[in-house]
Amino acid sequence: MSFLRATSMMAGLYLVTVVRRKGSWIAALLALAVIGVFGWAVVRAGSDAERLEAYRTFLVIGPLGFLVQFGALLYGLAAVTEDRDGGTAAYIFARPLPRSAIFTGRLLAAALTTAVLATLVHLVVAALARFPGGVTVFLLAQLPILAGAICYTALFMLLATLVRNAVVVGALWLVLWELVAAQFPWRIKLLTVKYHLLCLAHGLVPGGADVGRSGPAAMFAVFQESVGEATTVMAA
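The structure displayed is predicted, hence computed values, not measured ones.

Moving on, we come to the environment of Gly228. On the secondary structure map, Gly228 appears in helix H10 (residues 227–235). The spatial distance from the C-alpha of Gly228 to the C-alpha of Cys199 is 9.7 Å, given a sequence separation of 29 residues.

What follows is the structure in structure tokens.
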């Protein structure tokens, strides 16, 4: 069987066995929560400037700071644990399929699922905010969202192959490292994925990551890496 056909089969199997399972309701609740919070904020905004500020804050805290991470945690880990815990991994690897195609297909399906989840939320909030900056800004903001979905999904698939309690370890890593260390003023933030996603958004989206000068938003005010440097780190 060719690599492309095997990859397609594995991606389709993932969508049927994982995305349609009961655990997806967790992702749906997360998406609805983000839409509720930021949708209400942009609807209540009284001016174009306020809607733009609410939308920029949403980009940093919504898709880039929450959805892609926890969406990838759910779907990236499941790409490995679903078959391992269910006992079907041995059956899949016993088939005459290229092993690289097995992982590639499941990676693509998991990353696509995470990206679709974040994109739908992004689309709803942007529409409620009347697409501040136009469709061009929306499309540019999609690039770091897609990059984050692929990068985090790959990392969580790798984590699931290395540790047994991957959900606990992955959640702790997200909360204690990705959501906290990325805000540190020290160079340690260079070791986080989120910081580079924010640098990518800052460089691509006109004003997209400038979310204010006071309060919690001020923690995201300094981005020192260029788009090229951030992209290189995430690709690596």
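Unusually for a residue other than glycine, Arg130 sits at a positive phi of about 65°. If you trace the backbone, Arg130 turns up in the loop between helix H6 (99–128) and helix H7 (134–162). Residue Phe131 is not a glycine yet carries a positive backbone phi of 45°.

Contact geometry of H6 with H7 gives a least axis separation of 9 Å together with a crossing angle of 145°. Pair H6 / H7 crosses with right-handed handedness. Contacts between H6 and H7 involve Phe103, Arg106, Leu107, Ala110, Ala111, Thr114, Ala115, Ala118, Thr119, His122, Leu123 and Ala126 from the former and Phe138, Ala141, Gln142, Ile145, Leu146, Ala149, Ile150, Thr153, Ala154 and Met157 from the latter. By residue class, the composition of the contact of H6 with H7 is 16 nonpolar, five polar and one charged.

On to the nonpolar core. The biggest cluster of nonpolar side chains holds 53 residues, and the ones touching the most others in it are Tyr55, Phe58, Tyr152 and Phe156. At the level of elements, helix H1 (3–19), helix H2 (24–44), helix H3 (48–61), helix H4 (63–86), H6, H7, helix H8 (166–178) and helix H9 (193–204) are the ones that each hand at least two residues to this core. Those residues in contact with Tyr152 that lie beyond four places of it in its chain are Val68, Gln69, Ala72, Trp173, Leu174, Glu178, Val193, Lys194 and Leu197.

Taken together, the side chains of Trp25, Ile26, Leu29 and Leu32 make up a nonpolar region of the molecular surface, amounting to roughly 430 Å² of accessible area. Overall, the relative accessible area of 46% leaves Leu29 in the partly exposed class.

This part takes up the side chain of His196. Position of His196 among the secondary structure elements: in helix H9. Those residues within four positions of His196 in sequence are excluded, and the remaining contacts are Leu190, Glu225, Ala230, Val233 and Met234.

We now examine H2. With 21 residues, H2 extends 30 Å between its outermost C-alpha atoms, agreeing within 8% with the 30 Å of an ideal straight helix rising 1.5 Å per residue. Among the residues of H2, Ser24, Ala27, Ala31, Val34, Phe38, Gly39 and Val42 are the ones counted as buried.

Right, let's talk about the packing of H2 against H6 for a bit. Closest axis-to-axis distance for the H2/H6 pair is 9 Å, and the angle between their directions is 20°. The angle between H2 and H6 places the two elements in the roughly parallel class. Helix-helix and strand crossings are classified by hand; for H2 and H6 the assignment is right-handed. Contacts between H2 and H6 involve Ala27, Ala31, Val34, Ile35, Phe38, Gly39, Val42 and Val43 from the former and Leu117, Val121, Val124, Val125 and Leu128 from the latter. For the contact of H2 with H6, a count of residues per class yields twelve nonpolar, one polar and no charged.

Our focus in this paragraph is the environment of Arg44. For Arg44, the position within the fold is in helix H2. Once the C-alpha coordinates of Arg44 and Ala129 are considered, the two residues, 85 residues apart in sequence, prove to be 9.5 Å apart.

Scanning the entire structure with this criterion turns up seven aromatic pairs. Geometrically, the ring pair formed by Phe38 and Phe58 is edge-to-face, given 5.4 Å between the ring centres and 65° between the ring planes. Within this pair, whereas Phe38 is found in helix H2, its partner Phe58 is found in helix H3, the two being separated by 20 residues in sequence. With a centroid separation of 5.2 Å and an interplanar angle of 45°, the aromatic rings of Phe66 and Phe70 are classed as tilted. Of this pair, Phe66 and Phe70 both sit in helix H4, separated by four residues, roughly a single helical turn. Assessed through its relative accessible area of 19%, Phe70 is described here as buried. Through successive ring pairs, a cluster of aromatic residues spans Phe38, Tyr55 and Phe58.

Parameters and conventions
- Residues numbered from 1 in each chain as written.
- Predicted model: local features only at pLDDT ≥ 70, side-chain atom pairs only at ≥ 80, totals over all residues.
- Heavy atoms only, no water.
- Helix = DSSP H or I, 4+ residues; strand = E, 2+ residues; numbered from the N terminus.
- Axes fitted to C-alpha atoms, helices over the stretch in contact; angles between N-to-C directions.
- Left-handed = near helix turned anticlockwise from the far one by under 90°.
- Contact = heavy atoms within 4.5 Å.
- Nonpolar A, V, L, I, M, F, W, Y, C, P; charged D, E, K, R; others polar.
- Core = buried A, V, L, I, M, F, W, Y, C linked by side-chain atoms within 4.5 Å.
- Buried < 20%, exposed > 50% of the residue type's maximum accessible area, 1.4 Å probe, protein only.
- Patch = residues over 30% accessible without salt bridge, like charges linked within 9 Å, V, L, I, M, F, W, Y side chains within 5 Å.
- Areas by Shrake-Rupley, 256 points an atom, 1.4 Å probe, with all protein chains shown as cover.
- Salt bridge = Lys/Arg side-chain N within 4 Å of Asp/Glu carboxyl O.
- Expected span 1.5 Å × (residues − 1).
- Parallel < 35°, antiparallel > 145°, perpendicular 65-115°, else oblique.
- Phe/Tyr/Trp six-rings, centres within 6.5 Å; stacked < 30°, edge-to-face > 60°.

Note that every value here comes from positions in space, so none of it alone points to a role or purpose.
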